[in-house]
Amino acid sequence: MPLDATLFHQWVFPDGTLWTDFYRIGGAYLLRFPELADFQLSQDGGQIQAWPVQGVSDATIQHLYLNQVLPLALSRQGKLVLHGSAVEISGEGIAFIGGSGRGKSTLAASFATDGFRFLTDDGLLLEPCDGGFRIMPSHPSIRLWGDSEEALVGKDGVRKAPPVQFTSKARLLAGDEIVFCEQPRRLRRVYFLGDGVQQEAVFEGMTGREALMELVKHSFLLEIEAHELLAAHFDELSCLAGQPIFYRLDYPRRFEDLSRVRRAIVRHAYKVNQHEVD
């Protein structure tokens, strides 16, 4: 790391483990994942270079790039990227947003193994379109813990990317078992996921102010002191939050309930009758 690098931010896990150091290097940025790799991003986020630690696999570097570095680079380019997954239902996009452990990936994979195509596992990229927003598809893979993988597809049910060195999550590749949507889809609903205390799917409407606060909390942002970029980001979030599409969603975190949860989401998103989705 260059001597003139300045540490300006850190990502730390709840248990206190350091995940990422953020440095400024002149007009560029350096992201250090300890014992894994350094990534240098140009000031505009348009160029990325990687320096892996010796012995770290290519699969690990690709995983870091896709799920950590690229969303931050896109945010630096003025793109709107959120911590969320999304699926296609009836030709439109349904997004699920929440913190780590809220079940975003499992819920998206549950839809994708039931014939609904998924758009993204994380790194929810939104673009304005025709008075609303559309979801842009991301990498055709979903990361799952072993219990979710076994419950949804079985241990030998799908193709997988090579394992990575910092997590036991598997990255399942899209195919016949987990179907992927390659085209952008207009955003119809956004559901902020609760912590699983309910015994059935419960939906609660949100005000624009509540939605804006949650969107800010779940945004990918590389540089919070770049005032012009931050102002533009906030303006776009405000425009998004003005759409009447936001709800809180809590549901039981039991695999056997996922089919009922999927039906409830479809009914809620499209206000259809029970028999139409059973």
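Structure: above.
Residues numbered from 1 in each chain as written. Predicted model: local features only at pLDDT ≥ 70, side-chain atom pairs only at ≥ 80, totals over all residues. Heavy atoms only, no water.

Comments concerning the overall build of the protein chain
Argument step 1. Helix and strand counts for the protein chain come out as 6 helices and 16 strands.
Argument step 2. A compact globule built from 278 residues would reach a C-alpha radius of gyration of about 19 Å, and the protein chain, at 19 Å, matches this within 12%.
Argument step 3. Principal-axis analysis of the C-alpha atoms places the extent of the protein chain at approximately 65 × 45 × 35 Å.
Argument step 4. Residues counted as buried form 49% of the 278 residues belonging to the protein chain.
Argument step 5. Within the structure as shown, the protein chain displays about 13,500 Å² of accessible surface, and the carbon and sulfur contribution to it stands at 49%. (Helix = DSSP H or I, 4+ residues; strand = E, 2+ residues; numbered from the N terminus. Rg over C-alpha atoms; globule rule 2.2 N^0.38 Å. Buried < 20%, exposed > 50% of the residue type's maximum accessible area, 1.4 Å probe, protein only. Areas by Shrake-Rupley, 256 points an atom, 1.4 Å probe, with all protein chains shown as cover.)

Quick word on the pairing of strand β11 (residues 132-136)
Regular strands show a simple pattern: their side chains alternate between the two faces of the sheet.
Argument step 1. Summarising burial for β11: 4 of the 5 residues are buried, a large majority.
Argument step 2. In this sheet, β11 lies alongside strand β10 (residues 124-129) in antiparallel orientation, the contact comprising 5 bridges. Residue pairing in the sheet places C129 in a bridge with G132 of β11.
Argument step 3. Here β10 folds back onto β11 in antiparallel fashion, the turn holding 2 residues, of which D130 has a positive phi close to 45°.
Argument step 4. Here 2 bridges tie β11 to strand β14 (residues 185-193), and the two strands are oriented antiparallel to one another. (Pairing = 2+ DSSP bridges.)

A look at the nonpolar core
Argument step 1. Core analysis: the largest hydrophobic core is formed by 30 residues, its most contacted members being F96, L107 and I265.
Argument step 2. A per-element tally of this core places helix α6 (residues 258-270) first, with 6 residues.
Argument step 3. The residues touching F96, leaving out its near neighbours within four places in the chain, are H83, G84, S85, V87, K104, L107, F111, Y191, L193 and I265. (Core = buried A, V, L, I, M, F, W, Y, C linked by side-chain atoms within 4.5 Å. Contact = heavy atoms within 4.5 Å.)

Overview of the sheet that holds strand β1 (residues 6-12)
Strands belonging to one sheet form pairs held by backbone hydrogen bonds; the direction of such a pair is parallel or antiparallel.
Argument step 1. Ordered by their spatial adjacency, 5 strands build an open sheet running β1-β2-β3-β4-β5, and the pairing between neighbours is antiparallel. Each of the sheet's edge strands pairs with one partner strand only, and the pair in question is β1 and β5 (48-52). Strand-to-strand, the axes of this sheet are offset by a mean angle of 20°, without reference to chain direction.
Argument step 2. Where strand β3 (residues 28-33) and strand β4 (residues 37-41) come together, 5 bridges link them in antiparallel fashion. Its bridge partner being in β4, L30 is matched across the sheet by Q40.
Argument step 3. Relative to β4, helix α1 (residues 58-76) is tilted by about 25°, and along the sheet it contacts β1, β2 (18-25), β3, β4 and β5. (Axes fitted to C-alpha atoms, helices over the stretch in contact; angles between N-to-C directions.)

Re the pairing of strand β12 (residues 141-144)
Argument step 1. Of the two faces of β12, the one lined by S141 and R143 and the one lined by I142 and L144 are each fully buried.
Argument step 2. Where β12 and strand β13 (residues 170-173) come together, 4 bridges link them in antiparallel fashion. In the strand pairing of β13, L144 is matched with A170.

A short note on the packing of helix α2 (residues 104-112) against α6
Argument step 1. At a closest axis distance of 10 Å, the pairing of α2 and α6 adopts a crossing angle of 85°. The pairing of α2 with α6 is recorded here as roughly perpendicular in orientation. Listed contacts from α6 to T106, L107, S110 and F111 of α2 are L258, V261, R262, I265 and V266.
Argument step 2. Per-class residue counts for the contact of α2 with α6 are 6 nonpolar, 2 polar and 1 charged. (Parallel < 35°, antiparallel > 145°, perpendicular 65-115°, else oblique. Nonpolar A, V, L, I, M, F, W, Y, C, P; charged D, E, K, R; others polar.)

Points about the state of the cysteines
Argument step 1. Enumeration according to the criterion identifies 0 disulfides in this entry.
Argument step 2. C129 takes part in no disulfide bond, and the closest cysteine sulfur, belonging to C239, lies 11 Å away.
Argument step 3. Not part of a disulfide, C181 finds its nearest cysteine sulfur in C129, a span of 14 Å. (Disulfide = S-S within 2.5 Å.)

A look at the packing of aromatic side chains
Argument step 1. Scanning the model with the defined rule gives 14 aromatic pairs in all.
Argument step 2. Relative to F111, the ring of F96 lies with its centre 6.0 Å away and its plane at 20°, an arrangement referred to as stacked. You can see F96 sitting in strand β8 (residues 92-97) and its partner F111 sitting in helix α2, a full 15 residues away along the chain. Pair check on accessibility: F96 and F111 agree, each one buried.
Argument step 3. Through pairs of rings, three or more aromatic residues link up here, namely F96, F111, F116, Y191, F203 and Y247.
Argument step 4. Taking the ring centre of Y270 as reference, the NZ or CZ of R188 above it sits at 4.1 Å.
Argument step 5. A cation over a ring is seen here: R253 above Y251, with NZ or CZ 3.9 Å from the ring centre. (Phe/Tyr/Trp six-rings, centres within 6.5 Å; stacked < 30°, edge-to-face > 60°. Lys NZ or Arg CZ within 6 Å of the ring centre and 35° of its normal.)

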